[in-house]
Amino acid sequence: MNFSIIVVDLDGTLLNVNKKVSERSLKSILQCASRGIKFIFATARPPRAVRTFLPEELLELGSFVYYNGALIDCKHTGNNNHVSITPELTAEVLDYCLTCNPDLDISLEVKDEWMSLKPYDAETLMKVKGHPVVRSLSDLKQQAASKIIFSGSIDRQAFLEKFETRLNILITDEGELTQISALNASKEHAVSMICEAMGKTLQDVMVFGDDANDIGLFDQCGWPVAMGNAIEDLRNRAKEITDTNERDGVAIVLERLCS
(Lines give C-alpha, C1' and ligand atoms only; values in the text may rest on other atoms or scores of the structure.)
Protein backbone atom coordinates (compact mmCIF):
# COMPACT_ATOMS: atom_id res chain seq x y z
CA MET A 1 0.00 0.00 0.00
CA ASN A 2 1.23 3.46 -0.87
CA PHE A 3 -0.83 6.37 0.49
CA SER A 4 0.37 9.97 0.59
CA ILE A 5 -2.45 11.23 2.85
CA ILE A 6 -3.94 9.66 5.97
CA VAL A 7 -7.20 10.94 7.48
CA VAL A 8 -7.83 10.12 11.13
CA ASP A 9 -11.05 10.63 13.08
CA LEU A 10 -10.60 11.45 16.76
CA ASP A 11 -13.35 10.25 19.14
CA GLY A 12 -13.62 6.48 19.10
CA THR A 13 -10.69 6.25 16.69
CA LEU A 14 -7.43 7.96 17.69
CA LEU A 15 -8.54 9.03 21.16
CA ASN A 16 -9.02 6.46 23.90
CA VAL A 17 -11.81 6.52 26.47
CA ASN A 18 -9.87 9.13 28.47
CA LYS A 19 -9.67 11.36 25.37
CA LYS A 20 -5.92 10.83 25.13
CA VAL A 21 -3.56 9.83 22.31
CA SER A 22 -1.47 6.88 23.46
CA GLU A 23 2.31 6.99 23.21
CA ARG A 24 2.17 4.16 20.71
CA SER A 25 -0.28 6.00 18.46
CA LEU A 26 1.72 9.23 18.68
CA LYS A 27 4.95 7.44 17.78
CA SER A 28 3.37 5.69 14.79
CA ILE A 29 1.95 8.94 13.38
CA LEU A 30 5.25 10.80 13.79
CA GLN A 31 7.10 7.93 12.12
CA CYS A 32 4.78 8.03 9.09
CA ALA A 33 4.96 11.83 8.95
CA SER A 34 8.77 11.66 8.92
CA ARG A 35 8.44 9.65 5.69
CA GLY A 36 6.45 12.42 4.02
CA ILE A 37 2.92 11.19 4.63
CA LYS A 38 0.49 14.05 5.33
CA PHE A 39 -2.09 13.75 8.09
CA ILE A 40 -5.56 15.27 8.24
CA PHE A 41 -7.46 15.02 11.51
CA ALA A 42 -11.19 15.07 10.73
CA THR A 43 -13.61 15.43 13.62
CA ALA A 44 -17.05 16.61 14.66
CA ARG A 45 -15.40 18.64 17.40
CA PRO A 46 -14.51 22.36 17.44
CA PRO A 47 -10.95 23.71 17.30
CA ARG A 48 -10.77 24.45 21.04
CA ALA A 49 -11.49 20.81 21.92
CA VAL A 50 -8.90 19.51 19.47
CA ARG A 51 -6.29 21.83 20.99
CA THR A 52 -7.12 20.32 24.38
CA PHE A 53 -7.01 16.67 23.35
CA LEU A 54 -4.10 16.46 20.88
CA PRO A 55 -0.43 16.72 21.82
CA GLU A 56 1.50 19.67 20.44
CA GLU A 57 3.41 17.50 17.94
CA LEU A 58 0.17 16.56 16.15
CA LEU A 59 -1.21 20.10 16.26
CA GLU A 60 1.91 21.26 14.45
CA LEU A 61 2.07 18.60 11.73
CA GLY A 62 -1.58 18.07 10.81
CA SER A 63 -4.29 19.77 8.81
CA PHE A 64 -7.72 19.86 10.45
CA VAL A 65 -11.33 19.36 9.47
CA TYR A 66 -13.66 20.52 12.27
CA TYR A 67 -17.44 20.24 12.73
CA ASN A 68 -17.69 17.32 10.30
CA GLY A 69 -16.37 19.50 7.48
CA ALA A 70 -17.87 22.92 8.16
CA LEU A 71 -14.49 24.43 9.10
CA ILE A 72 -11.13 23.67 7.46
CA ASP A 73 -7.64 24.64 8.64
CA CYS A 74 -5.17 23.23 6.13
CA LYS A 75 -1.59 23.72 7.24
CA HIS A 76 -0.29 21.89 4.17
CA THR A 77 -1.68 24.41 1.67
CA GLY A 78 -2.65 27.42 3.80
CA ASN A 79 -6.29 27.04 2.73
CA ASN A 80 -9.02 27.80 5.27
CA ASN A 81 -12.73 27.48 4.64
CA HIS A 82 -15.98 27.95 6.60
CA VAL A 83 -19.24 26.49 5.30
CA SER A 84 -22.05 27.78 7.50
CA ILE A 85 -25.79 27.32 7.84
CA THR A 86 -27.55 30.53 6.78
CA PRO A 87 -29.14 32.59 9.58
CA GLU A 88 -32.55 32.03 7.99
CA LEU A 89 -32.16 28.25 8.11
CA THR A 90 -30.64 28.40 11.61
CA ALA A 91 -33.76 30.25 12.77
CA GLU A 92 -36.07 27.74 11.09
CA VAL A 93 -34.33 24.77 12.76
CA LEU A 94 -34.43 26.42 16.18
CA ASP A 95 -38.12 27.31 15.86
CA TYR A 96 -39.04 23.81 14.71
CA CYS A 97 -37.06 21.99 17.41
CA LEU A 98 -38.22 24.17 20.28
CA THR A 99 -41.83 23.94 19.13
CA CYS A 100 -41.50 20.15 19.25
CA ASN A 101 -39.80 20.21 22.66
CA PRO A 102 -39.31 23.53 24.51
CA ASP A 103 -36.87 21.80 26.89
CA LEU A 104 -34.68 20.30 24.16
CA ASP A 105 -30.93 20.57 24.76
CA ILE A 106 -29.94 22.55 21.69
CA SER A 107 -26.90 24.68 21.00
CA LEU A 108 -24.90 26.29 18.19
CA GLU A 109 -21.25 26.30 17.24
CA VAL A 110 -20.16 29.40 15.33
CA LYS A 111 -16.57 28.97 14.21
CA ASP A 112 -14.94 28.33 17.59
CA GLU A 113 -17.65 29.72 19.87
CA TRP A 114 -20.25 27.58 21.63
CA MET A 115 -23.64 29.24 22.18
CA SER A 116 -26.74 27.97 23.96
CA LEU A 117 -30.08 29.08 25.35
CA LYS A 118 -29.23 27.87 28.85
CA PRO A 119 -26.23 26.83 30.95
CA TYR A 120 -25.24 23.17 30.77
CA ASP A 121 -24.90 20.93 33.81
CA ALA A 122 -21.52 20.11 35.30
CA GLU A 123 -21.53 16.50 34.05
CA THR A 124 -22.01 17.60 30.44
CA LEU A 125 -19.31 20.27 30.72
CA MET A 126 -16.80 17.71 32.02
CA LYS A 127 -17.26 15.70 28.81
CA VAL A 128 -16.94 18.54 26.31
CA LYS A 129 -14.51 21.02 27.91
CA GLY A 130 -15.49 24.67 28.16
CA HIS A 131 -18.73 26.51 28.75
CA PRO A 132 -21.31 27.78 26.27
CA VAL A 133 -22.06 31.46 26.02
CA VAL A 134 -25.72 31.83 26.94
CA ARG A 135 -27.57 33.88 24.32
CA SER A 136 -31.19 34.83 23.76
CA LEU A 137 -33.23 32.92 21.19
CA SER A 138 -33.47 36.00 19.00
CA ASP A 139 -29.66 36.29 19.02
CA LEU A 140 -29.14 32.62 18.20
CA LYS A 141 -31.58 32.87 15.29
CA GLN A 142 -29.34 35.49 13.66
CA GLN A 143 -26.23 33.31 13.64
CA ALA A 144 -24.56 31.72 10.62
CA ALA A 145 -23.95 28.47 12.49
CA SER A 146 -21.06 26.13 11.79
CA LYS A 147 -23.09 23.41 13.47
CA ILE A 148 -26.34 22.96 15.37
CA ILE A 149 -26.42 20.18 17.96
CA PHE A 150 -29.31 18.78 19.94
CA SER A 151 -30.05 15.85 22.21
CA GLY A 152 -33.24 14.86 23.97
CA SER A 153 -36.76 13.82 23.10
CA ILE A 154 -37.87 14.71 19.57
CA ASP A 155 -39.23 12.83 16.57
CA ARG A 156 -35.97 12.55 14.62
CA GLN A 157 -37.63 10.91 11.63
CA ALA A 158 -39.98 13.87 11.25
CA PHE A 159 -37.02 16.21 11.60
CA LEU A 160 -35.14 14.35 8.87
CA GLU A 161 -38.12 14.44 6.53
CA LYS A 162 -38.46 18.20 6.95
CA PHE A 163 -34.79 19.22 6.64
CA GLU A 164 -32.76 16.47 4.96
CA THR A 165 -32.88 18.10 1.50
CA ARG A 166 -31.51 21.37 2.89
CA LEU A 167 -29.09 20.30 5.62
CA ASN A 168 -26.47 17.68 6.33
CA ILE A 169 -27.92 15.77 9.30
CA LEU A 170 -25.97 13.15 11.24
CA ILE A 171 -27.42 11.12 14.09
CA THR A 172 -24.58 9.66 16.16
CA ASP A 173 -23.79 8.37 19.66
CA GLU A 174 -26.26 5.49 19.32
CA GLY A 175 -29.07 7.83 18.29
CA GLU A 176 -28.67 10.22 21.21
CA LEU A 177 -27.01 13.14 19.42
CA THR A 178 -28.10 14.99 16.28
CA GLN A 179 -25.47 17.08 14.50
CA ILE A 180 -26.54 19.48 11.77
CA SER A 181 -24.39 21.37 9.30
CA ALA A 182 -24.74 23.04 5.92
CA LEU A 183 -25.76 20.71 3.10
CA ASN A 184 -22.33 20.85 1.44
CA ALA A 185 -20.40 20.57 4.72
CA SER A 186 -19.09 17.04 5.18
CA LYS A 187 -15.83 15.34 6.03
CA GLU A 188 -15.53 13.91 2.53
CA HIS A 189 -16.11 17.30 0.84
CA ALA A 190 -13.57 18.99 3.11
CA VAL A 191 -10.93 16.30 2.60
CA SER A 192 -11.54 16.39 -1.15
CA MET A 193 -10.89 20.14 -1.16
CA ILE A 194 -7.62 19.65 0.73
CA CYS A 195 -6.56 16.83 -1.58
CA GLU A 196 -7.29 18.92 -4.68
CA ALA A 197 -5.16 21.77 -3.32
CA MET A 198 -2.34 19.26 -2.77
CA GLY A 199 -2.68 17.76 -6.24
CA LYS A 200 -4.07 14.47 -4.90
CA THR A 201 -7.34 12.56 -5.12
CA LEU A 202 -9.35 10.69 -2.53
CA GLN A 203 -7.97 7.46 -3.97
CA ASP A 204 -4.59 8.52 -2.53
CA VAL A 205 -6.11 8.56 0.98
CA MET A 206 -6.21 6.04 3.80
CA VAL A 207 -8.91 6.86 6.35
CA PHE A 208 -9.62 5.63 9.88
CA GLY A 209 -13.08 5.99 11.46
CA ASP A 210 -15.71 4.53 13.74
CA ASP A 211 -19.07 6.31 13.35
CA ALA A 212 -21.71 7.54 10.91
CA ASN A 213 -19.94 10.81 10.13
CA ASP A 214 -17.14 8.79 8.49
CA ILE A 215 -19.37 6.94 6.00
CA GLY A 216 -18.86 9.44 3.17
CA LEU A 217 -15.08 9.18 3.50
CA PHE A 218 -15.26 5.38 3.59
CA ASP A 219 -17.28 5.37 0.36
CA GLN A 220 -14.80 7.62 -1.48
CA CYS A 221 -11.29 7.08 -0.10
CA GLY A 222 -8.81 4.55 -1.43
CA TRP A 223 -8.32 2.53 1.76
CA PRO A 224 -10.95 2.85 4.50
CA VAL A 225 -10.00 1.25 7.83
CA ALA A 226 -12.76 0.63 10.38
CA MET A 227 -11.96 0.50 14.06
CA GLY A 228 -12.82 -2.67 15.94
CA ASN A 229 -15.43 -0.62 17.81
CA ALA A 230 -16.93 0.89 14.62
CA ILE A 231 -20.62 0.80 13.77
CA GLU A 232 -21.75 -1.99 11.46
CA ASP A 233 -22.39 0.33 8.48
CA LEU A 234 -18.76 1.41 8.57
CA ARG A 235 -17.38 -2.09 9.05
CA ASN A 236 -19.32 -3.22 5.98
CA ARG A 237 -17.72 -0.45 3.90
CA ALA A 238 -14.16 -0.99 5.13
CA LYS A 239 -11.34 -2.64 3.21
CA GLU A 240 -9.72 -3.42 6.56
CA ILE A 241 -10.87 -3.71 10.16
CA THR A 242 -8.27 -2.99 12.83
CA ASP A 243 -8.40 -3.28 16.61
CA THR A 244 -10.36 -0.90 18.84
CA ASN A 245 -9.36 2.62 19.84
CA GLU A 246 -8.60 1.27 23.33
CA ARG A 247 -6.12 -1.22 21.84
CA ASP A 248 -4.23 1.17 19.52
CA GLY A 249 -6.03 0.12 16.34
CA VAL A 250 -4.67 3.11 14.40
CA ALA A 251 -1.08 2.42 15.47
CA ILE A 252 -1.31 -1.24 14.47
CA VAL A 253 -1.99 -0.28 10.84
CA LEU A 254 0.47 2.62 10.73
CA GLU A 255 3.29 0.52 12.15
CA ARG A 256 2.78 -1.96 9.34
CA LEU A 257 2.61 0.85 6.79
CA CYS A 258 5.74 2.70 7.91
CA SER A 259 7.91 -0.01 9.44
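Residues numbered from 1 in each chain as written. Predicted model: local features only at pLDDT ≥ 70, side-chain atom pairs only at ≥ 80, totals over all residues. Heavy atoms only, no water.

Draft legend 1. Up close: the pairing of strand β3 (residues 63-66). Burial along β3 is two-sided: Ser 63 and Val 65 and Phe 64 and Tyr 66, pointing in opposite directions, are all buried. Here three bridges tie strand β2 (residues 38-42) to β3, and the two strands are oriented parallel to one another. Looking at the pairing, Phe 41 lines up with Phe 64 of β3. Direction of pairing for β3 relative to strand β4 (residues 71-73): antiparallel, over a ladder of three bridges. Considered in β4, the bridge of Phe 64 is made with Asp 73. The loop that links β3 with its antiparallel partner β4 comprises four residues; one of these, Tyr 67, has a positive phi angle of about 50°. (Buried < 20%, exposed > 50% of the residue type's maximum accessible area, 1.4 Å probe, protein only. Helix = DSSP H or I, 4+ residues; strand = E, 2+ residues; numbered from the N terminus. Pairing = 2+ DSSP bridges.)

Draft legend 2. Quick look at the pattern of salt bridges. Counted by the stated rule, this structure contains 18 salt bridges. With its nearest N and O atoms 3.1 Å apart, the salt bridge here joins Lys 141 to Asp 95. Here Asp 95 lies in helix α4 (residues 87-100) and Lys 141 lies in the loop between α6 (137-140) and β9 (147-151), a separation of 46 residues in the sequence. The class for Asp 95 is partly exposed, based on a relative accessible area of 33%. (Salt bridge = Lys/Arg side-chain N within 4 Å of Asp/Glu carboxyl O.)

Draft legend 3. Here's a closer look at the packing of helix α1 (residues 23-34) against helix α11 (residues 249-258). Interaxial distance between α1 and α11 falls to 9 Å at its minimum, and their mutual angle equals 30°. By the angle class used here, α1 and α11 are roughly parallel. Every pair of crossing elements has a handedness; the one defined by α1 and α11 is left-handed. Every residue of α11 that contacts α1 at Arg 24, Ser 25, Ser 28, Ile 29, Gln 31 and Cys 32 is listed here: Ala 251, Ile 252, Leu 254, Glu 255 and Cys 258. Of the residues belonging to the contact of α1 with α11, the class tally is six nonpolar, three polar and two charged. (Axes fitted to C-alpha atoms, helices over the stretch in contact; angles between N-to-C directions. Parallel < 35°, antiparallel > 145°, perpendicular 65-115°, else oblique. Left-handed = near helix turned anticlockwise from the far one by under 90°. Contact = heavy atoms within 4.5 Å. Nonpolar A, V, L, I, M, F, W, Y, C, P; charged D, E, K, R; others polar.)

Scope: geometric values only; no functional claims are made or implied.
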